[in-house]
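Read off the chains here:
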Amino acid sequence: MVVDFRKSKSPPSPVCISGKDVEIVPSYRFLGVQLDNKLEWSTNTDDVYKKAMSRLYFLRRLRSFSVCSRMLHMFYQSVMASTIFFAAVCWGGGIKAKDANRLNKLIKKAGSVVGCRLDNLDEVVRDRMVLKLRTIMDSPSHPLHNTVDKLRSSFSNRLLQPRCSKERYRKSFLPSAIRLYNSS
């Protein structure tokens, strides 16, 4: 997969590994996350939505057997939520509003089946991003620890926002997590 944001795009030169040409693809599944060559998350959202819809069917079937609400909630957390929120720290800040609404509607449907209000996508992403940033700040062996440590304010407990010239970078993990950390 070739990621190229230049205005004048020239075709990439072929890559040859061990005498075999490497195929150029528009999207690729890596560690369970669907990546595309524009670094947009619509293909990943479609994939997550399909998986979660199939699991919603099983949640509804459990409810039809009069399974208690506590067990339905446990099934949602272990089977459905784990699918929906997998790697949400990576894609949660850069997802389009249309895709986020789609996933939130799905979560709302699951909540009506379970019989209680479930945390929507924005809440889970916010909590997980702040938790991940705090983990980075507490772990000196983490590769981003020094970068985050340099952003600490000398006057307060806040972190200074890194300069973001591109919207894509502004929506990525580090600037988004710092913004959430400072607001909490």
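**Observations concerning a positive patch on the surface**
There is a patch of like positive charges on the surface, built from Arg60, Arg63, Lys105 and Lys109. For the positive patch, the secondary-structure elements that each account for two or more residues are α1 (42-64) and α4 (97-114). Checked against the element boundaries, arginine 60 lands in helix α1. Judged by its relative accessible area of 39%, arginine 60 falls in the partly exposed class.

**Considerations on the side chain of serine 153**
Residue position: serine 153 is located in the loop between α6 (145-150) and α7 (167-170). Residue classification places serine 153 among the buried residues on the basis of a relative accessible area of 17%. A polar contact is formed between the side chain of serine 153 and the backbone nitrogen of serine 156, at a distance of 3.5 Å. Those residues in contact with serine 153 that lie beyond four places of it in its chain are Arg158 and Leu160.

**Quick word on the nonpolar core**
Within soluble globular proteins, side chains that are nonpolar generally end up buried alongside one another. Core analysis: the largest hydrophobic core is formed by 41 residues, its most contacted members being Leu59, Tyr76, Met80, Ile84, Phe85, Leu121 and Leu133. Every element with two or more residues in this core is listed here: α1, α2 (69-84), α3 (88-91), α4, α5 (121-138) and α8 (173-183). If one sorts the elements of this core by residue count, α5 sits on top with eight residues. Both of domain 1 (27-120) and domain 2 (124-183) provide at least three residues apiece to this core. Residues in contact with leucine 121, not counting those within four places in the same chain, are Phe85, Trp91, Ile95, Ala100, Leu103, Asn104 and Ile107.

**A short note on the domain arrangement of the protein**
It is common to report an interface's size as the accessible area lost on association of the parts. When cut into domains, the protein gives domain 1 (27-120) and domain 2 (124-183). Placing a centre on the C-alpha atoms of domain 1 and another on those of domain 2 gives a separation of 26 Å. Facing the 10 residues of domain 1 at the interface are eight residues of domain 2. For the pair domain 1 and domain 2, the two sides together bury roughly 810 Å², of which 67% comes from carbon and sulfur. Among the residues of domain 1 in contact with domain 2, Phe85, Val89 and Gly93 are the three that bury the most area, contributing 57% of the side total. Put simply, domain 1 and domain 2 have zero salt bridges between them. Inspection of the region where domain 1 meets domain 2 yields two residue pairs in polar contact (both at pLDDT 80 or more). Looking at the side of domain 1 that touches domain 2 residue by residue, the class counts come to four nonpolar, four polar and two charged.

**A closer look at the UniProt feature "transmembrane region" (unreviewed entry) in the protein**
The feature "transmembrane region" (unreviewed entry), as annotated in UniProt, sits at residues 74-95 in this numbering. Along residues 74-95 one finds 68% helix and 0% strand; the C-alpha atoms at either end are 27 Å apart.

**As for the environment of glutamine 34**
By the element assignment, glutamine 34 lies in strand β4 (residues 33-36). Between the alpha carbons of glutamine 34 and threonine 45 there is a distance of 8.4 Å; along the sequence they are 11 residues apart. A distance of 2.8 Å separates polar atoms of two side chains, one belonging to glutamine 34 and the other to arginine 29.

About the thresholds
- Just so you know, the residues in each chain are numbered from 1, in the order the chain's sequence is written.
- Reporting of local features is limited, given that this is a predicted model, to residues whose pLDDT is at least 70; pairs of side-chain atoms are given and counted only at 80 or more, and all residues count toward the totals for whole chains, interfaces and linings.
- The basis for the side-chain values is all heavy atoms of the structure; hydrogens and waters are excluded.
- Residues qualify for a patch when their relative accessible area is over 30% and they have no salt bridge, like charges being joined within 9 Å and the nonpolar side chains of Val, Leu, Ile, Met, Phe, Trp and Tyr within 5 Å.
- Each accessible area is a Shrake-Rupley estimate made with a 1.4 Å probe; only the visible protein chains count as cover when residues are assessed.
- Between Lys or Arg on one side and Asp or Glu on the other, a salt bridge is scored when a side-chain nitrogen of the former is within 4 Å of a carboxyl oxygen of the latter.
- Under the convention used here, Asp and Glu are negative, Lys and Arg are positive, and both His and the chain ends fall outside the count.
- The atoms used to mark charge sites are NZ of Lys, CZ of Arg, CG of Asp and CD of Glu.
- Per the convention used, a helix needs a DSSP run of H or I reaching at least four residues, while a strand needs a run of E reaching at least two, with both numbered from the N terminus.
- Only protein chains enter the area calculation, which uses a 1.4 Å probe; residues under 20% of their type maximum are buried, those over 50% are exposed, and those in between are partly exposed.
- Pairs of N or O atoms within 3.5 Å make up the polar contacts considered here, provided that, within protein, one atom can donate a hydrogen while the other can accept it, and that residues adjacent in sequence are counted only when both atoms are side-chain atoms.
- Whether two residues are in contact is decided by their heavy atoms, any of which lying within 4.5 Å being enough.
- Residues enter a nonpolar core if they are buried and are Ala, Val, Leu, Ile, Met, Phe, Trp, Tyr or Cys, with the set joined through side-chain atoms within 4.5 Å.
- Note: domain ranges come from an automatic or database domain assignment.
- By buried area we mean the combined loss of accessible area, with a 1.4 Å probe, across both parts when two parts are placed together.
- The classification used treats Ala, Val, Leu, Ile, Met, Phe, Trp, Tyr, Cys and Pro as nonpolar, Asp, Glu, Lys and Arg as charged, and all other residues, Gly among them, as polar.
- UniProt positions are given in the numbering used here, feature names are shortened, and annotations may be inferred rather than shown by experiment.

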